[in-house]
Amino acid sequence: MTSLDELAVIVDDAARNATAIPQLSLTQAITVDEAYAVQTLSMARRRARGEHRVGVKMGLTSRTKMIQVGVDEVIWGRLTDAMRVDEGGIVKRSRYVHPRAEPELAFLMKHRLSGKVTPVEALAAVEAIAPAIEIIDSRYADFKFALPDVVADNASSSGFVVGEWHARDIAFDNLGVVLEIDGRVKQVASTAAILGHPLRSLVAAAEMVSRVGEALEPGAIVMAGGITAAEPLAPGMHVRASIERLGRVNFTVEA
Ligand code: 0L1
Ligand code: MG
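Here's what I pulled together on the structure shown here. (Residues numbered from 1 in each chain as written. Chains lettered and ligands numbered in written order. Predicted model: local features only at pLDDT ≥ 70, side-chain atom pairs only at ≥ 80, totals over all residues. Heavy atoms only, no water.)

### Focus on the environment of Lys 186
Mapped onto the fold, Lys 186 is located in strand β10 (residues 184–190). Overall, Lys 186 belongs to the partly exposed group, its relative accessible area being 43%. In this structure the C-alpha to C-alpha distance between Lys 186 and Thr 228, which are 42 residues apart in sequence, comes to 9.6 Å. Leave out the neighbours within four places in its chain, and Lys 186 touches Leu 179, Glu 180, Ile 181 and Glu 231. (Helix = DSSP H or I, 4+ residues; strand = E, 2+ residues; numbered from the N terminus. Buried < 20%, exposed > 50% of the residue type's maximum accessible area, 1.4 Å probe, protein only. Contact = heavy atoms within 4.5 Å.)

### Observations regarding the nonpolar core
Membership of the largest hydrophobic core comes to 57 residues, with the highest contact counts inside it found for Phe 107, Met 109, Leu 113, Leu 202 and Leu 216. Of the residues forming this core, the biggest block, eight residues, is contributed by helix α6 (residues 198–210). Leaving out residues up to four positions away in the same chain, Leu 113 has contacts with Glu 121, Ala 122, Ala 125, Leu 202, Ala 206, Ala 215 and Leu 216. One finds Val 91, Leu 233, Val 239 and Val 253 within the second-largest nonpolar core, a separate group that totals 16 residues. (Core = buried A, V, L, I, M, F, W, Y, C linked by side-chain atoms within 4.5 Å.)

### Some details on the pairing of strand β14 (residues 247–254)
Note that strand β4 (residues 90–92) and β14 share three bridges and pair parallel. From the neighbouring strand, Ile 90 faces β14, where its bridge partner is Thr 252. Sheet analysis places strand β13 (residues 238–243) next to β14, joined by six bridges and oriented antiparallel. If you follow His 238 over to β14, its bridge partner there is Thr 252. Counting the residues in the hairpin turn of β13 and β14 gives three residues, including Arg 245, whose phi is positive at 70°. (Pairing = 2+ DSSP bridges.)

### Here we look at the coordination of the magnesium ion (ligand 2)
Each pair of donors in an ideal octahedron of six around a metal sits at 90 or 180 degrees, and each pair in an ideal tetrahedron of four sits at 109.5 degrees. Bound to the magnesium ion (ligand 2) on the protein side are Glu 102 (OE), Glu 104 (OE) and Glu 134 (OE), at distances that span 1.9 to 2.0 Å. Each donor residue of the magnesium ion (ligand 2) lies on one chain, and together they are spaced E-x1-E-x29-E. Assessed through its relative accessible area of 0%, Glu 104 is described here as buried. (Donors = N, O, S within 2.8 Å, 3.2 Å for Na, K, Ca; no water.)

### Remarks on the pattern of salt bridges
Tallied over the entire structure, the rule returns 16 salt bridges. Across the salt bridge formed by Glu 254 and Lys 92, the nearest N and O atoms sit 3.3 Å from each other. You can see Glu 254 sitting in strand β14 and its partner Lys 92 sitting in strand β4, a full 162 residues away along the chain. Here Lys 92 falls in the partly exposed class, since its relative accessible area comes to 40%. The structure contains a network of salt bridges with shared partners spanning Asp 12, Asp 13, Arg 16, Arg 45 and Arg 49. (Salt bridge = Lys/Arg side-chain N within 4 Å of Asp/Glu carboxyl O.)

### Focus on the side chain of Asp 153
When you line up the elements, Asp 153 lands in the loop between α5 (147–152) and β7 (157–162). A relative accessible area of 3% places Asp 153 in the buried class. Setting aside residues up to four positions removed in sequence, Asp 153 forms contacts with Val 11, Asp 137, Ser 138, Arg 139 and Tyr 140.

### Side note on helix α1 (residues 4–17)
With 14 residues, α1 should reach 20 Å at 1.5 Å per residue; the first-to-last C-alpha distance of 20 Å fits that figure. For α1, the complete set of buried residues consists of Leu 7, Ala 8, Val 11, Asp 12, Ala 14 and Ala 15. Projected down its long axis, α1 carries its buried residues within an arc of 155°, all on one side. Looking at the buried positions of α1, the neighbouring elements they touch are α2 (32–48) and α5. (Expected span 1.5 Å × (residues − 1). Arc of directions from axis to C-beta.)

### Focus on the side chain of Glu 102
Mapped onto the elements of the fold, Glu 102 is located in strand β5 (residues 100–109). Since its relative accessible area comes to 3%, Glu 102 is described here as buried. Side-chain polar atoms of Glu 102 contact the side chain of Lys 65, separated by 2.7 Å. Ignoring anything within four residues of it in the chain, the contact list for Glu 102 reads Lys 65, Ala 132, Ile 133, Glu 134, Ile 136, Gly 226, Thr 228 and Ala 230. (Polar contact = N/O pair within 3.5 Å; in protein donor to acceptor, adjacent residues only side chain to side chain.)

### Regarding the sheet that holds β14
Spatial strand order, β4-β14-β13-β9-β10: five strands in an open sheet with mixed pairing. Of all the strands in the sheet, just β4 and β10 have a single pairing partner and so form its edges. If you compare each strand with its neighbour and ignore which way they point, the axes differ by 20° on average. (Axes fitted to C-alpha atoms, helices over the stretch in contact; angles between N-to-C directions.)

Okay, here's the thing in structure tokens:
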């Protein structure tokens with residue numbers, strides 16, 4: 001069996017060089033806990049290269065996403081500053097293996113949150129909410145993976161764009177969401193697709209990070225998870241997500 005350190009090098013190199021790799025689970029008997037350890041080790045490599053942690057992404061928090069990738073457990077990954085794309089900015093297709101975009105809701109944390117918390121406690125720890133787009137890019141060939149694979153691969157995390165922040169007193173449990181590419185509507189849903197209420201994703205995030213001794217720190221961004229199926233990206237595309245009452249967020253893809 002390949003060591004967890006070696007697996008971290010494999011997934012990190014694949015992300016850094018935008019190269020597809022075979023699923024780890026095809027040749028390694030790797031548990032989900034070990035996969036999270038691989039993710040932690042690969043993040044340490046990013047930190048050593050100068051990247052800074054800016055938050056957490058939740059994944060597979062909607063039925064649609066679970067069905068799209070064939071994995072039915074909520075997962076989490078880490079966001080770094082190098083993954084952030086400016087609102088209205090450019091995404092380079094060449095930096096990714098097979099990127100996709102999905103609309104999300106983002107939380108900005110005001111207070112530290114960790115462990116088992118209630119939705120009321122979670123909301124009280126939020127500074128603001130915003131419409132967002134996640135650019136996911138599984139490093140596995142054909143975008144196919146099992147649960148330990150995607151966890152080790154930082155939950156397919158590779159880019160994110162956040163729109164304007166809004167006070168958290170806007171009710172955000174059931175807001176209309178539209179994902180457009182080149183002005184054509186590709187996906188329509190509601191924020192309720194995120195575990196019935198996006199706050200549940202934040203509650204889950206606080207609990208999941210606490211299992212590895214971490215917390216959602218003040219200033220951290222928490223992406224609540226894909227609200228619709230993700231759309232494949234190609235050079236020249238203009239991608240826009242809108243959330244009712246929260247506004248729009250967009251980016252353009254270049255070669
Ligand atoms: O779609 C994927 O590659 C799994 C990562 C989770 C994406 C999400 O639900 O936000
Ligand atoms: Mg996502």
